[in-house]
Amino acid sequence: MKNGLSPGRLPPGLNQEQVKAARAAHGANELTQKTRTTFFRVFLSNFGDPIIKILLVALAINVLMLLRDANWFETVGIALAIFLATFVSTLSEYGSESAFRKLQEEAAAQSCRVRRDGHMSALPVAELVVGDLVYLQAGEGVPADGVLLEGGVAVDQSALNGETAEQKKSPGGDAGDLLSASGLFRGCTVCSGEGVMQVTRVGDSTFYGSMAQEMQEETRESPLKLRLEKLAGTLSWLGLAAAVFVAAADLFLSFFLANGMDPARIAQQFSQPAVCFGHVLHAVTLAITVVVVAVPEGLPMMITVVLSSNMSRMLRDHVLVRKLVGIETSGSLNILFTDKTGTLTRGKLRVSAFVGGDGQAYAGMEGLKRDQPLWQLAALSCAYNTASTPSGKKALGGNATDRALLQAVLPLPGTLSGWQKTGGLPFDSAHKYASISISGKGGTLHLVKGAPERLLNRCTHYYDAKGVRKPLPSGAAAEQAWRQMTGRAQRVLALAASPHPVRGDGDLHGLTLIGLAGIRDELRPEVPAAVREVQRAGVQLVMITGDNRETAAAIAKDAGILLTGGDLVLTSAELARMDDGQVADCLPRLRVVARALPTDKSRLVRIAQSCGMVAGMTGDGINDAPALKKADVGFAMGSGTEVAKEAGDIVILNDNFASIVRAILYGRTIFKSIRKFVIFQLTMNLCAVGVSIVGPFAGIDTPVTVIQMLWINIIMDTLAGLAFAGEPPLPEYMREAPKRRDEPVFNKYMFHQVICMGAYTIILCILFLKLPFFQSHFRYGENPIYLMTAFFTLFILCGVFNSFNTRTYRLNLLAHLRRNPLFALIMLSVIAVQFGLVYWGGSLFRTAPLRLDELAAIVLLAATVIPADMLRKTLLRCKGIRGSI
């Protein structure tokens, strides 16, 4: 081992008997996972959906009535709809959970180097036991909790506590808490150094494991479930009202109109119990039939299809959906609490700015040309005055600042790779600088790197872009650049050259300034545009970070989160001094929480939810898991911990904030698609119920046969669901305000469209059946089957043309149709099948071949639903009402 590690001084490690005893006493190094819910249990739980409950009631009624009227098609149709909706939903959720657990299995397959019985071996982390000796090097993850016995390491504990600063660990002391000088914890990463750790806790007993066990509590219901419960209540009320109306109308027809309104005949009929019972039974049967026909049995299936199909689309955008309802919930977000590191920023330090001694600013080291002498001087300082080492194009070891400087100049050209270190002074926080002396073909250089406050006032000269040494008449330009860089939350280091070796503070004089390097975790380039998009969508963004107030505010300003003087920046300490009511009052103005603790995230989510908001949370560490679980939708980062992914609803595979924007857009699109389908199906249901009710009064007993109704149900339920599931996500949806958590699925605009177009279609169908003009045109006198065939086709085509009205509020019905080619394909297929039934349906579908002129007349007549709806849309616009679903 390097750096003074001496395996010979360490114990030989556990032998096989000790390993077995330790495993028996303390368990294996595995996290206890919740017993996976079986496919059958998930399937049964999906029957709790509110719409499914209505369908189950309708199915039960149909089964009871089956022996009376043999209306088997409706019974089979409802049963099939229930089964498909619950089965597809279960399959999607179960399959997504399998994909997620595969990620966990891959993480558990990692190995570590363990010393046992005097020998070194590589073992899976799951096989570690208490007492094992584990060797750690830079870049490796800590596999269990333990104490450092030998060596020295710096670890990244941000996965556990959210702090980006590396923690130095040295031997001596107990494991203790996260602030322990020698304690190492599972879930952390070794950034630099190497050492030997003795395992003290494994599995659920680790700090990592204890937080994982907190993820068991249930979360509140999703907005979609609440909305569907309200829709179920609305549909139940409408169905009951229609049933009562139909029953009353049928009784009035049987008792009063059938007796010519003659009081004597009516009284005589009332005196016959058997006759009265028959009329009442007929009315009740008719009412039940209306309820069953009116139930939108295709809605659950459609919702499942929409969610499932968009789940696969989102995967292409690097968004893995673990819970189907998480997609729609994303579109309902009012407030999103987001991490900074790795989500808004790149997740690692880099040289973002470089300023020469003359005040000339460059966009990082990339802004300098590699053949410029100034770049070569800066590159030599970054490459040799460092504790990091190059490995190909990657910097390893050292602290984060050293790695950032070295990474900025890799790969080094051959002309700079032949220098040899001849002496130097390592960095120390007391004197705040490091020096190095190097020799090569160009002679000997003495380079210094450190805090500007220590070096700038010791500089008398500077190097220009050509490498010419010039007098530094005043440090004003460099000091001004330093202040500006600090104001942008950059950590600034001064690079300088000395005419002599620097071995102490007494040698810090006569320095020549190479430049100032600004280092910070830079924003992802796509973040500002994505933040603007989210804000335009009416979603409040709150950045939560462990950075100090100044750094956090600077990043938030660059990202566009902090815009005005009224925007609020609070620290965790300030939040702690406020009660929940005070936090709720200032929540609308809150934009940044600095020095945040894990408990702050859960508290903010809880307060936002208590204010009626739909809250989202992003996170990647174990410390984020409770808040991810509590939020209405938790966005876990793909590079995050397994526990965070377990707690989240959606996994952002590329850790990119822009992918969250896509998730919000998809969520809004899904809700729009659900509403479009509700309009379409309720309009067709209203027409079917209306014709069934009015038909007998108009002397038409069976306007639609049982088999014809089966074909209508297939169109309404399955085909239309598939058609609307492919509706494209439109950028205009991100200009709308978020929907309230309790906003009903069925709004006033939808009610207006269903009533208007349903009434128009009912009137059109009744007039078609009763007016002599149509009867004569369709050879009613020759054979009524031609008129009934035409009516059947008219009903279907009205639904097809109305589907185009439904899919957009625009007058241009073809808007964005190219982005949903499946819609046009399905509707064309419905028309083709319907025409096939006209000519080849025969007695099964009660159809007879029509002449081409008759078919053309039906198409033109059905197409009148388009101008009728355009007139409705135009009238609403004249009143200042722009259609919106």
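For every chain, the first residue of the written sequence is number 1, and numbering continues from 1 onward in sequence order. pLDDT decides what is reported in this predicted model: residues at 70 or higher carry local features, side-chain atom pairs at 80 or more are listed and counted, and totals for whole chains, interfaces and linings draw on all residues regardless. Note: side-chain values were computed over all heavy atoms of the structure, leaving out hydrogens and water.

## Comments concerning the overall build of the protein
Secondary structure follows DSSP: runs of H or I at least 4 residues long count as helices, runs of E at least 2 residues long count as strands, and numbering of each begins at the N terminus. Check the secondary structure of the protein and you find 30 helices and 26 strands. With a 1.4 Å probe rolled over the protein chains alone, any residue whose accessible area is under 20% of its type maximum counts as buried; one over 50% counts as exposed, and the rest are partly exposed. Taking all 885 residues of the protein together, the buried fraction comes to 54%. The contact criterion used is simple: two residues touch if any of their non-hydrogen atoms lie within 4.5 Å. Looking at the protein alone, contacts between residues at least 24 apart form 72% of all its contacts between residues at least 6 apart. Surface accessibility follows the Shrake-Rupley procedure with a 1.4 Å probe radius. Residue values consider only the protein chains on display as shielding. Counting every atom, the protein has about 37,100 Å² of accessible surface; 61% of that belongs to carbon and sulfur.

## Notes on the packing of helix 12 (residues 373-384) against helix 13 (residues 400-409)
Angles shown run from 0 to 180 degrees and are taken between the N-to-C directions of axes, each axis being a line fitted to C-alpha atoms and, for helices, limited to the stretch in contact. Interhelical geometry of helix 12 versus helix 13 gives an angle of 140° and a closest axis separation of 8 Å. Here helix 12 lies oblique to helix 13, going by the angle between them. The crossing of helix 12 and helix 13 is left-handed. Of the residues in helix 13, those in contact with Trp375, Ala379, Cys382 and Ala383 of helix 12 are Leu405, Leu406 and Val409. Gly is put with the polar residues, along with every residue not named as nonpolar or charged; the nonpolar set is Ala, Val, Leu, Ile, Met, Phe, Trp, Tyr, Cys and Pro, and the charged set is Asp, Glu, Lys and Arg. Considered class by class, the residues forming the contact of helix 12 with helix 13 number 7 nonpolar, no polar and no charged. Roughly parallel means an angle under 35 degrees; roughly antiparallel, over 145; roughly perpendicular, 65 to 115; everything else is oblique. In this scheme the handedness of a crossing depends on how the near helix is turned from the far one: anticlockwise by less than a right angle means left-handed, clockwise means right-handed.

## Details of the environment of Val859
Inspection of the secondary structure puts Val859 in helix 29 (residues 852-862). Overall, Val859 belongs to the partly exposed group, its relative accessible area being 27%. In sequence terms Val859 and Leu797 are 62 residues apart; their C-alpha atoms lie 7.0 Å from each other. Look past the residues within four positions of Val859 in its chain and what remains in contact with it is Leu797, Phe801 and Phe835.

## Regarding the packing of aromatic side chains
A pair of aromatic rings is counted whenever rings of Phe, Tyr or Trp (Trp by its six-membered ring) have centres within 6.5 Å, and the orientation is called stacked for planes under 30 degrees apart, edge-to-face for over 60 and tilted otherwise. For the structure on display, the rule yields 9 aromatic pairs. Aromatic side chains Phe724 and Phe823 sit 5.5 Å apart centroid to centroid with 65° between the ring planes, which places their arrangement in the edge-to-face category. Here Phe724, found in helix 24 (residues 706-725), pairs with Phe823, found in helix 28 (residues 821-840); they are 99 residues apart in sequence, far enough to count as distant. For the ring pair Tyr839 and Trp840, a centre distance of 6.2 Å and an interplane angle of 55° mean the geometry is tilted. Look at Tyr839 and you get partly exposed, because its relative accessible area is 27%. Look at Trp840 and you get exposed, because its relative accessible area is 73%. Clustering of aromatic rings is evident, with ring pairs tying together Phe680, Phe724, Phe804 and Phe823. For Arg779, the ring lying beneath its charged end belongs to Tyr786, and the centroid distance is 3.7 Å. A positively charged side chain is recorded as over a ring if its NZ (Lys) or CZ (Arg) lies within 6 Å of the ring centre. The angle to the ring normal must also be within 35 degrees. Positioned above the aromatic ring of Phe823, the side-chain terminus of Arg807 is 5.6 Å from the ring centre.

## Some words on the nonpolar core
We call a set of buried Ala, Val, Leu, Ile, Met, Phe, Trp, Tyr and Cys residues a nonpolar core when their side-chain atoms join them within 4.5 Å. Judged by nonpolar contacts, the single largest core of 123 residues is most densely connected at Phe635, Phe657, Ile712 and Phe768. It is helix 23 (residues 657-697) that contributes the most residues to this core, 19 residues altogether. Membership of the second largest hydrophobic core comes to 52 residues, among which are Val142, Ala144, Cys188 and Leu587.

## Points about the pattern of salt bridges
Throughout this description, the term salt bridge denotes a Lys or Arg side-chain nitrogen within 4 Å of a carboxyl oxygen of Asp or Glu. As enumerated under the stated definition, the model contains 34 salt bridges in all. A salt bridge links Arg113 to Glu140; the shortest N-O distance between them is 3.3 Å. With a gap of 27 residues between them, Arg113 in strand 1 (residues 111-116) and Glu140 in the loop between strand 3 (133-137) and strand 4 (145-156) connect regions that are remote in the sequence. Among the ionic pairs, Arg549 bridges to Glu574, the shortest N-O distance being 2.5 Å. Residue Arg549 is found in helix 17 (residues 549-559), and its partner Glu574 is found in helix 18 (residues 572-576); the two are separated by 25 residues along the sequence. You can call Arg549 partly exposed: its relative accessible area is 29%. What makes Glu574 partly exposed here is its relative accessible area of 22%. Taken together, the shared-partner salt bridges in this structure form one network comprising Arg779, Arg851, Asp853 and Glu854.

## Quick notes on the pairing of strand 7 (residues 189-201)
A pair of strands counts as paired when DSSP detects no fewer than two bridges linking them. In the sheet, strand 3 pairs with strand 7 via 5 bridges, with the strands oriented antiparallel. By the bridge assignment for strand 7, Val134 is matched with Met197. Bridge analysis of strand 4 against strand 7 gives 11 bridges, and the strand direction is antiparallel. By the bridge assignment, Asp156 is partnered in strand 7 with Thr189.

## As for helix 28
Here helix 28 spans 28 Å end to end across 20 residues, near enough to the 28 Å set by a 1.5 Å rise per residue. Listed in full, the buried residues belonging to helix 28 are Phe823, Ile826, Met827, Val830, Gln834, Gly836, Leu837 and Val838. Among the residues trailing helix 28, Gly842 stands out with phi positive, at a value near 60°. An expected span of 1.5 Å times one less than the residue number is assigned to each helix.

## Considerations on the confidence of the model for the protein
A score between 0 and 100, pLDDT records how confident the predictor is in each residue. On average, residues of the protein score 83 in pLDDT, and 85% of them are at 70 or above. Predicted confidence is poor over residues 95-100, with pLDDT under 50, and the contacts of this stretch with residues over four places away or in other chains come to 11 contacts.

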